[in-house]
Amino acid sequence: MIKIFTLLNLAGLFLFNMLTTGDVTVSQDVPAHIDPGSEVRVDVTINKDDITGFAKLQIDLPTGLTATAIETKGASFTFAEGKAKFIWMAMPAQPSFKVSYTLTADAGASGTLPVSGRLSYIQDNERKTADLAPTTITIGNSRPQMTADNTGVAPASG
């Protein structure tokens, strides 16, 4: 009876550990608007729990936007062909950390452009990916026009 009880406890602990392992998440705070020819700081937060080892964060930027590194947390940084890449041979030890970059809009850029990306990493000898939530940034004069009530929404006509 004690052996069965011990076996069930061990099985329960094993399942509990599997279910409570943190998910890897990546998020960034891209502003909704940027003026042509200007730049803004973008922070990317990586929650990785206890994942260590090789990882690559890739941010995909459309034509008209470029990136330069501010804070890399030990990663090598490159920007080419619309791809900003942070590459770690060994990720930082902290379970959560931030990297940052300067996002610059070309002087002639305009419109609403997508910004996407992903974190690729190794866990249990398997390549895994955590996607950034897709977002858009508006370049130029595509901001909502303020109305008399400052809501940016035109009053209903009746």
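So, how was this worked out
Note on numbering: residues in each chain are counted from 1, in written sequence order. Since the coordinates come from a predicted model, pLDDT governs what is reported: local features require at least 70, and pairs of side-chain atoms require 80 or more to be given and counted, while whole-chain, interface and lining totals use all residues. For the side-chain quantities, the full set of heavy atoms in the structure was used; hydrogens and water were omitted. Numbering goes from the N terminus for both helices and strands, where a helix is a DSSP run of H or I of at least four residues and a strand is a run of E of at least two. Each residue is assigned to one of three classes by its accessible area relative to the maximum for its type, calculated with a 1.4 Å probe on protein chains only: buried under 20%, partly exposed between the two thresholds, exposed over 50%. It only takes one pair of heavy atoms within 4.5 Å for two residues to be counted as in contact. Areas reported as accessible are Shrake-Rupley estimates using a 1.4 Å probe. Residue values count occlusion only from the protein chains shown. Pairing between strands is defined by DSSP: at least two bridges between the two strands are required.

Details of the overall build of the chain
Next, step 1: What the chain contains, in helices and strands, is 1 helix and 11 strands.
Next, step 2: Of the regular secondary structure in the chain, the N- to C-terminal order runs α-β-β-β-β-β-β-β-β-β-β-β.
Next, step 3: Within the chain, the fraction of its 158 residues that count as buried is 32%.
Next, step 4: Long-range contacts, defined as pairs at least 24 residues apart, comprise 68% of the intrachain contacts of the chain with a sequence gap of at least 6.
Next, step 5: Total accessible area computed for the chain in this model is approximately 9900 Å², and 56% of it derives from carbon and sulfur atoms.

Here's the deal with the pairing of strand β4 (residues 55–60)
Next, step 1: Along β4, 5 of the 6 residues are buried, which leaves the element largely enclosed by surrounding structure.
Next, step 2: Across 6 bridges, the pairing between β4 and strand β7 (residues 83–88) is antiparallel. Considered in β7, the bridge of L57 is made with F86.
Next, step 3: Examined bridge by bridge, β4 and strand β9 (residues 111–123) share 6 bridges and lie antiparallel to one another. For K56, the partnering residue across the bridge sits in β9 and is S120.

Side note on unusual backbone geometry
Next, step 1: Although it is not a glycine, E81 sits at a positive phi angle of roughly 50 degrees.
Next, step 2: With respect to the element layout, E81 can be found in the loop between β6 (76–80) and β7.
Next, step 3: Classification of E81 as exposed rests on a relative accessible area of 81%.
Next, step 4: The phi dihedral of N125 falls on the positive side, at around 60 degrees, and the residue is not glycine.
Next, step 5: With respect to the helices, strands and loops of the structure, N125 is situated in the loop between β9 and β10 (126–131).
Next, step 6: Judged by its relative accessible area of 79%, N125 is exposed.

Don't take any of this as a statement about function, it's just geometry.
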